[in-house]
Amino acid sequence: MDKLLIVANLKSYKSENEAKEWLENFIKIKESGQNLENKEIIICPSFTLLSLFSSYVSNNSLPVKIGAQNVSPFDEGAYTGEVNAKQIKDFAEFVLIGHSERRNNFGETDELLSKKVEVSLKYGLKPIFLVQASNNLIPQGVEIVAYEPIFAIGTNTPDTPENAEKEAASIKTRNNYQVLYGGSVTSKNVAGFTRTENIKGVLVGGASLDSQEFIKIIQNA
Ligand code: PGA
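Caption draft 1: Molecular detail of the sheet that holds strand β2 (residues 39-44). The strand order around the closed barrel formed by eight strands is β1-β2-β3-β4-β5-β6-β7-β8, and the pairing between neighbours is parallel. Each strand axis lies, on average, 25° off the axis of its neighbour in the sheet, ignoring direction. By the bridge criterion, four bridges tie strand β5 (residues 126-131) to strand β6 (residues 144-147) in an arrangement that is parallel. By the bridge assignment for β6, Leu130 is matched with Ala146. Across the sheet, helix α5 (residues 110-122) touches β4 (94-97) and β5, and the angle it forms with β4 is around 175°. In the packing of helix α6 (residues 161-175) onto the sheet, contacts are made with β5, β6 and β7 (178-182), and the angle to β6 comes to roughly 150°.

Caption draft 2: Representation of the site of the ligand in the model. Among the 13 residues in the neighbourhood of the ligand, the closest are listed as Glu148, Gly154, Ser184, Gly205 and Gly206. In the model, an oxygen atom of the ligand is placed 2.9 Å from a nitrogen or oxygen of the His99 side chain. In the environment of the ligand, an oxygen atom lies 2.8 Å from a nitrogen or oxygen atom belonging to the backbone of Gly205. Taken by itself the ligand offers 280 Å² of open surface, and the protein chains cover 96% of this. Looking at the shell around the ligand, its residues break down into four nonpolar, seven polar and two charged.

Caption draft 3: Structural context of the packing of aromatic side chains. According to the stated counting rule, one finds seven aromatic pairs in the structure shown. On the basis of an interplanar angle of 50° and a centroid distance of 5.9 Å, the ring pair of Trp22 and Phe53 is categorised as tilted. Of this pair, Trp22 sits in helix α1 (residues 16-26) while Phe53 sits in helix α2 (residues 50-59), and the two are 31 residues apart along the sequence. Phe53 matches Trp22 in its accessibility class, with the two residues each being buried. Site record: aromatic cluster; members linked through ring pairs are Trp22, Phe26, Phe53 and Phe214.

Caption draft 4: Focus on the pattern of salt bridges. Applying the stated criterion across every chain, the model contains ten salt bridges. One salt bridge in this structure joins Asp75 and Lys122, with 2.5 Å as the shortest N-O distance. Of this pair, Asp75 sits in the loop between β3 (64-68) and α3 (85-89) while Lys122 is found in helix α5, placing the two residues 47 residues apart along the sequence. You can call Asp75 partly exposed: its relative accessible area is 24%. Among the ionic pairs, Arg102 bridges to Glu108, the shortest N-O distance being 2.8 Å. Glu108 gets classed as buried once you look at its relative accessible area, which sits at 8%. Taken together, the shared-partner salt bridges in this structure form one network comprising Glu40, Lys65, Glu93 and Lys126.

Cut-offs and rules
Residues numbered from 1 in each chain as written. Predicted model: local features only at pLDDT ≥ 70, side-chain atom pairs only at ≥ 80, totals over all residues. Heavy atoms only, no water. Pairing = 2+ DSSP bridges. Helix = DSSP H or I, 4+ residues; strand = E, 2+ residues; numbered from the N terminus. Axes fitted to C-alpha atoms, helices over the stretch in contact; angles between N-to-C directions. Contact = heavy atoms within 4.5 Å. Near = heavy atom within 4 Å. Polar contact = N/O pair within 3.5 Å; in protein donor to acceptor, adjacent residues only side chain to side chain. Areas by Shrake-Rupley, 256 points an atom, 1.4 Å probe, with all protein chains shown as cover. Nonpolar A, V, L, I, M, F, W, Y, C, P; charged D, E, K, R; others polar. Phe/Tyr/Trp six-rings, centres within 6.5 Å; stacked < 30°, edge-to-face > 60°. Buried < 20%, exposed > 50% of the residue type's maximum accessible area, 1.4 Å probe, protein only. Salt bridge = Lys/Arg side-chain N within 4 Å of Asp/Glu carboxyl O.

Here's what the structure looks like:
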């Protein structure tokens, strides 16, 4: 059985000092006595913090994997300002691709997202591909898909578990994807999503900025 994936998307938040504070609080997860055997925790910080997070996780043997929030659509080369998959692979195992905040604020198209998936797979980075509707294009090679309806992102208005489950089932039937739900997930509502048949994890934005709340989300999932 697939492990439940619990993903923290820290978005464009946290300075280095704030990230250290987040980690120093998050380390308490080791003493919380939680059974994490069936859960995979993935933390996605900004590029500038990937090295800090990955060293902290390995130095403290935290039961956590690291993801990036974005990746260049190009391989290494003369692309000033871009961070490519080969560089990211030094620190992370996963990468978020297709977040609505990137589609909407940076004009990312299906074609561009497909290039990002392709170059990520080339370097062994696992894409977590985000869709806003169950019929969105999903590039070849993707195995994990997060369903995140726009109305639910950062609004404190999550989708209902019933509707999210229906969408997850419809996405899953397309290619046996592992489907996650994202959009205003908190420690109070997480169980509603993870106890459904077809939702196999959650992607948490705002509520993950507080590491104590994120620990509760993991506990309740
Ligand atoms: P939210 O964000 O949890 O703040 O709604 C979800 C996301 O960023 O994917």
